[in-house]
Amino acid sequence: MKRREFIKMQGQGLLGLGLGMAWPLGAVAESTKPIVLSTWDYGLRTNDVAWRLLSEGGSALDAVLAGAELAEMDPDNAYVGLGGFPDRDGIVTLDASVMDHGYNMGMVAGLEQVPRASALARAVMEHTPHTLLVGDGALQFAKEQGFETMNLLTPASEKAWKRWLETSRYQPGVNVENHDTMGLLGMDSQGRLAGVCTTSGMAYKMHGRVGDTPIIGSGLYVDPEVGAVAATGHGEEIVRAGGSLLVVEGMRSGLDPEEACRQVAQRVLKQLRHRGKDPALYQACFMALTKNGQYGACALQPGFTYAVQDAGQGNRLRQAPHVWSKL
Ligand code: SD4
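Keep in mind it's a predicted model, so treat the numbers as computed, not measured.

Chemist: Which residues make up the pattern of salt bridges, and what are the values?
Modeler: In total, this model carries 15 salt bridges according to the counting rule given. In this structure, R122 engages E126 in a salt bridge whose closest nitrogen and oxygen atoms are separated by 3.0 Å. Of this pair, R122 and E126 both sit in helix α5 (residues 117–127), four residues apart, which is roughly one turn of that helix. Taking the relative accessible area as the measure of exposure, E126 reaches 41% and is therefore partly exposed. Among the salt bridges present, the one from E259 reaches R262, with a minimum N-O distance of 3.1 Å. Linking E259 with R262, this pair stays in helix α10 (residues 257–274), spanning three residues, or about one helical turn. Taken individually, E259 and R262 each receive the classification buried, so the pair is uniform in this respect.

Laid out in structure tokens, this is it:
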């Protein structure tokens, strides 16, 4: 390591974090602006919606929110918005966060009856002096803002919950396959970054449980000087590791996006081991985009896919590397 770089990292406190000690290893995937990234296979669909706006010169913020809304209003997406799996009491509660290129942010947590959780997070950002509204207060604000309310528990999700009740002994659910939280990161033609993260949380969680998704710094972070990061997986582990902001700080120190994600996935693994937990029972996934259009991802376990769309290569699904596998 060159002395100058070492001193720079020291100044940023990154050596103490254990970040920045490894050189960038992954192939750097690069794109031109505009670009949009979305988590999981469903991300191909949210990308398409976001891309329609981005390709017409729309803002990154409008684009990622339009993509998120597609998932939220789709009753067949069981992990987000309408039709999301309920908590163990059969109540669907939603969490969402949004952040833009100006360090503006909005979050909602434990939201009931309002499917468009990410639009409500944006309303918190734009129309309140606060950053986070929860539960009844979030619902009251949604009504004041004219948001539509509805029963979010679809017959399919209710049926799955009742089946779960038969065998679960009311133990809050934790399941590695149990993921489809939508995180979208976008950069528009003007180079503005924005991100959104939206979820119904872990299926069959305890009522009132909130994960990483609506916690800026854990489930999402956008820094116009560096880039944007979204996370999905077991919220408790993502919060414990300091999630998305830590990935941003890795990129700030000079790591490429994949390597920055890898180091935080490693951090999750280390913490699980430290606590005597079996990594096979957990998943934590990070997806990152730099302000220069480089992107990458990494997860604790195999299975994390994300979709990337830009003008050069169209919309494609990518498999993220992982840091641990039971095989
Ligand atoms: C949570 N991170 O509430 C979310 C769950 C998730 O895909 O990502 N599901 O913990």
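Here the narrative resumes.
Chemist: Go over the site of the ligand, please, and point to the residues and values.
Modeler: Residues in close proximity to the ligand total twelve residues, the closest being T181, R209, D212, T232 and G233. Between the ligand and D180, the relevant distance is 2.8 Å, taken from an oxygen atom to a main-chain nitrogen or oxygen of the residue. Separating an oxygen atom of the ligand from a side-chain N or O atom of T232 is a distance of 2.7 Å. Its free accessible area being 290 Å², the ligand has 100% of it covered by the protein chains. The class makeup of the residues in the shell around the ligand is one nonpolar, eight polar and three charged.

Chemist: Any chance you could break down the packing of aromatic side chains for me, citing the residues and the numbers?
Modeler: Per the stated rule, a full pass over the model turns up five aromatic pairs. Residues F304 and Y306 carry aromatic rings whose centres are separated by 6.1 Å and whose planes lie at 25° to one another, so their mutual orientation is stacked. We note that F304, like Y306, is buried. Taken together, the ring pairs connect Y79, F85, W164 and Y204 into an aromatic cluster. Over the ring of Y170 we find R88, and its NZ or CZ is 3.9 Å from the ring centre.

Chemist: Which residues make up α10, and what values go with them?
Modeler: Over its 18 residues, α10 extends 26 Å from the first C-alpha to the last, a length consistent with the 26 Å expected when each residue adds 1.5 Å. Within α10, 14 of the 18 residues are buried, leaving the element largely enclosed by the surrounding structure. N-cap assignment for α10: the residue whose side-chain oxygen lies 3.0 Å from the backbone N of E258 is D256. Positive backbone phi, approximately 70°, marks G276, located one or two places after α10.

Chemist: For the sheet that holds strand β10 (residues 284–290), give the residues involved together with the corresponding values.
Modeler: Taken in spatial order, the five strands make up an open sheet running β1-β11-β10-β9-β8, and their pairing is antiparallel. In this open sheet, the two edge strands, each paired with only one partner strand, are β1 (29–30) and β8 (220–223). Of the strands in this sheet, β8, β9 (227–233) and β10 are in contact with helix α9 (residues 243–252), which crosses β9 at around 140°. Against the sheet, α10 touches β10 and β11 (294–299), its axis set at about 20° to β11.

Thresholds, definitions, all that
Residues numbered from 1 in each chain as written. Predicted model: local features only at pLDDT ≥ 70, side-chain atom pairs only at ≥ 80, totals over all residues. Heavy atoms only, no water. Salt bridge = Lys/Arg side-chain N within 4 Å of Asp/Glu carboxyl O. Helix = DSSP H or I, 4+ residues; strand = E, 2+ residues; numbered from the N terminus. Buried < 20%, exposed > 50% of the residue type's maximum accessible area, 1.4 Å probe, protein only. Near = heavy atom within 4 Å. Polar contact = N/O pair within 3.5 Å; in protein donor to acceptor, adjacent residues only side chain to side chain. Areas by Shrake-Rupley, 256 points an atom, 1.4 Å probe, with all protein chains shown as cover. Nonpolar A, V, L, I, M, F, W, Y, C, P; charged D, E, K, R; others polar. Phe/Tyr/Trp six-rings, centres within 6.5 Å; stacked < 30°, edge-to-face > 60°. Lys NZ or Arg CZ within 6 Å of the ring centre and 35° of its normal. Expected span 1.5 Å × (residues − 1). Pairing = 2+ DSSP bridges. Contact = heavy atoms within 4.5 Å. Axes fitted to C-alpha atoms, helices over the stretch in contact; angles between N-to-C directions.

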